[in-house]
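# Chain and residue survey
Letter by letter, the chains look like this.
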Amino acid sequence: MRYTIQTLLLLICITLSAATPKGELIQGEDIKANGSVQIIEGALNDKAVVINKDWQPLVKTKSPKQPVAIWVRHRNGPICLKQSTDGTQKELSWIWSKPQEWQWSCFGYFQPEMLGNELLVIAGPTKGKTIAIDAIVFSEDKNTTPPKPTSKPDETKKAEKIDVSVNWDKSIGELNGKHWSVADYEIHKNPSSKDVNEFITELKPAFIRLHHAGSADTWSDETKQDWDYEKIGTAFKDAYAYTNSEIIINIPGWPKWMNIDAKTMTETDQDRIAEYCARLVKYIRIDQKLPIKYWEVLNECDNTFEKAGELPKLWNLHNKIAKKMKEADSTILVGGPALTWPKPLWVEGFLSTCGENFDFITWHNYAVGDAYASNKKVFDTTDTMAGHAEYFISKAKEMYPNKKFESFLTEYNISWTWTTRDERMKTNVGAIFDALVIKKVALKGATGMMVWHIKDNIYGLMGSDGQLRTPAYLFLWGKPWFCGILCEDISADSSKIELMAIKRLDGKKSLMVINKSDHAMIIPPAETLLNSNKTLVTAEICFDNPKGEIHPLSTGEITVPGYSLTLIAEK
């Protein structure tokens, strides 16, 4: 591996993070072709080569003489890798992604005979956008999978002082137990699960949403063409911890044995489904006398019906199910439609058609479908999620100003697809994301929200092995420390630090310091932040300390770790 003196200096000055490919790093400013070097905050060494002209080479460098994977750190796009031999150029690879933030991408792994004398990175169709590159890495590692963002803070960065404060006399909203609720499917799979029941007993969630995409089949008896009542009854007896929480039962759809699809669905089919749902209400409420009040109709059916060109059928189906359920028990609350996300077409279609047949509205929101998306993007998406909540709730109020209804975000997490297996949902970064969602969506007026979900190897607050993950400890903070009046928080830079300031129901104060930056931050003393002379306690949820144990607080300025949550509270 060859290194220039300048590259070695760069490697010394810029300790490569876990998200950086390892190998020979060459900074874009030293290899510019037709692009111009500009000062850009966030670029390596704050400099990058930029261009907004199609088919022009941004950077040019001599080709390596050994097999390498060629990585580039870029923003916007697309970009093309070419080799040049004696003035003749040949395309080698394209990167078509157009990231708005800095992203490492790999052109591929190449033998030296493929690379010619020189390498050029060419701007593709820019469409008026500025394409930027700040570094290239030649790596001997054959792995061309992009490095995923890490939940570990950057220990090479010095702690940074930041001014934050709380106006304890100004209320901006409230948090209650409903905002710290959970969704779960273990009752459909293993209702007597010891670890789940013990966790729920400790957590004491205000709400548990019972949902499994296949429950219309797993809770049914195909032979009898009806619900498997015995199985359902046994499940509720075995899931002993659930009895201390409000339950929302989700009925995601209809069983396969009904042979009904969105395209060919008839009014008769809709009546069959509605009667089927009503029979479950009768069994749960009348026969078993279980105090389950909330019933969520259907689950993420919007895309299927839209693709079939049959969205009116979906809203009609909701109405029929809701009416039949209320006929079985007029005291229940029926809501939905568990939208995949609050897409205006779906929101307005549902509200305009189903206004007489919902007691609460529900929707889902996930941040990204890319495990390589930056932590910053994941955190920033919580503002979009808050906007979605505001839109759905305000639209319902606008269309039905005299209607009393509740509103629930019944699923949320980082990744909208399990296939990415985004590890951050298990880590301190996931805990930060959850805290931001809870605060921001609550401020938009949502009655409650349910994180997805309690137990599995991808999303779970605990893994399949029953071991609690980092975000679980945030939720254990929720009811005892962060229910009450939300007070106005002020941060000199909310892209780095946000606060969750609570006057608890007992009149005492709690503060959560949410450090979204990748390095430690120094904030004012706890006594100043809480304006308190009472005994104070603290706890941290961070990369090195995921469990958030409560302990006494020392005096003086507070250093909060990178990617962390810090609790400071009156005991």
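### Digging into helix H12 (residues 470-481)
- Over its 12 residues, H12 extends 17 Å from the first C-alpha to the last, a length consistent with the 16 Å expected when each residue adds 1.5 Å.
- Among the 12 residues in H12, 10 count as buried, and that is most of the element.
- Residues of H12 that are buried include every one of Thr470, Pro471, Ala472, Tyr473, Leu474, Phe475, Leu476, Trp477, Gly478 and Trp481, and no others.

### Side note on the packing of helix H10 (residues 375-399) against helix H11 (residues 428-443)
- Running from amino to carboxyl end, H10 crosses H11 at an angle of 20°, the nearest separation of the two axes being 9 Å. One finds that H10 runs roughly parallel with respect to H11. Taken as a pair, H10 and H11 cross one another with a handedness that is right-handed. Contacts from Asn375, Val378, Phe379, Thr382, Asp383, Met385, Ala386 and Ala389 of H10 reach H11 at Val429, Ile432, Phe433, Leu436, Val437, Lys440 and Val441.
- Taken together, the residues of the contact of H10 with H11 sort by class into 11 nonpolar, 2 polar and 2 charged.

### Some details on the environment of Thr156
- With respect to the helices and strands, the residue Thr156 is situated in the loop between strand S10 (131-139) and strand S11 (160-161).
- Expressed as a C-alpha distance, the spacing of Thr156 and His519, which sit 363 residues apart in the sequence, is 8.4 Å.
- Within the structure, Thr156 has its side chain in polar contact with the side chain of Asp154 (distance 2.6 Å).

### Structural notes on the pairing of strand S24 (residues 497-504)
- Buried residues dominate S24, accounting for 7 of its 8 residues.
- Bridging between strand S23 (residues 484-491) and S24 involves 4 bridges; their strand directions are antiparallel. Note that in S24 the partner of Gly484 across the bridge is Arg504.
- The hairpin turn running from S23 into S24, its antiparallel successor, is 5 residues long.
- By the bridge criterion, 7 bridges tie S24 to strand S25 (residues 509-515) in an arrangement that is antiparallel. Within S25, the residue paired with Leu499 across the bridge is Val513.
- Where S24 hands over to S25, the hairpin turn is made up of 4 residues, of which Gly507 adopts a positive phi near 90°.

### Digging into the sheet that holds strand S7 (residues 88-95)
- Strand order in the open sheet formed by 4 strands is S4-S9-S6-S7, with antiparallel pairing between adjacent strands. Two strands bound the open sheet, and with one partner strand each, they are strand S4 (57-62) and S7. The average angle at which neighbouring strand axes cross in this sheet is 25°, direction not considered.
- Across 5 bridges, the pairing between S4 and strand S9 (residues 118-123) is antiparallel. Directly across from Val59, in S9, lies its bridge partner Val121.

### Concerning the packing of aromatic side chains
- Under the criterion given, the structure shown has 23 aromatic pairs.
- A ring pair is formed by Phe358 and Phe405, whose centres lie 6.1 Å apart and whose planes are at 80°; its orientation type is edge-to-face. In this pair, Phe358 sits in the loop between helix H9 (344-354) and strand S20 (360-368) while Phe405 sits in the loop between H10 and strand S21 (406-415), placing the two residues 47 residues apart along the sequence. An identical accessibility class is assigned to Phe358 and Phe405; each is buried.
- On the basis of an interplanar angle of 40° and a centroid distance of 6.5 Å, the ring pair of Trp477 and Phe482 is categorised as tilted.
- Residue classification places Phe482 among the buried positions, given a relative accessible area of 0%.

### What about the confidence of the model for the protein?
- Averaged over every residue, the pLDDT of the protein is 90; residues scoring 70 or more account for 96%.
- Segment residues 1-18: pLDDT under 50, and 31 contacts once partners within four positions in sequence are set aside and those in other chains are kept.

What counts, and at which threshold
Residues numbered from 1 in each chain as written. Predicted model: local features only at pLDDT ≥ 70, side-chain atom pairs only at ≥ 80, totals over all residues. Heavy atoms only, no water. Helix = DSSP H or I, 4+ residues; strand = E, 2+ residues; numbered from the N terminus. Expected span 1.5 Å × (residues − 1). Buried < 20%, exposed > 50% of the residue type's maximum accessible area, 1.4 Å probe, protein only. Axes fitted to C-alpha atoms, helices over the stretch in contact; angles between N-to-C directions. Parallel < 35°, antiparallel > 145°, perpendicular 65-115°, else oblique. Left-handed = near helix turned anticlockwise from the far one by under 90°. Contact = heavy atoms within 4.5 Å. Nonpolar A, V, L, I, M, F, W, Y, C, P; charged D, E, K, R; others polar. Polar contact = N/O pair within 3.5 Å; in protein donor to acceptor, adjacent residues only side chain to side chain. Pairing = 2+ DSSP bridges. Phe/Tyr/Trp six-rings, centres within 6.5 Å; stacked < 30°, edge-to-face > 60°. pLDDT = per-residue confidence, 0-100.

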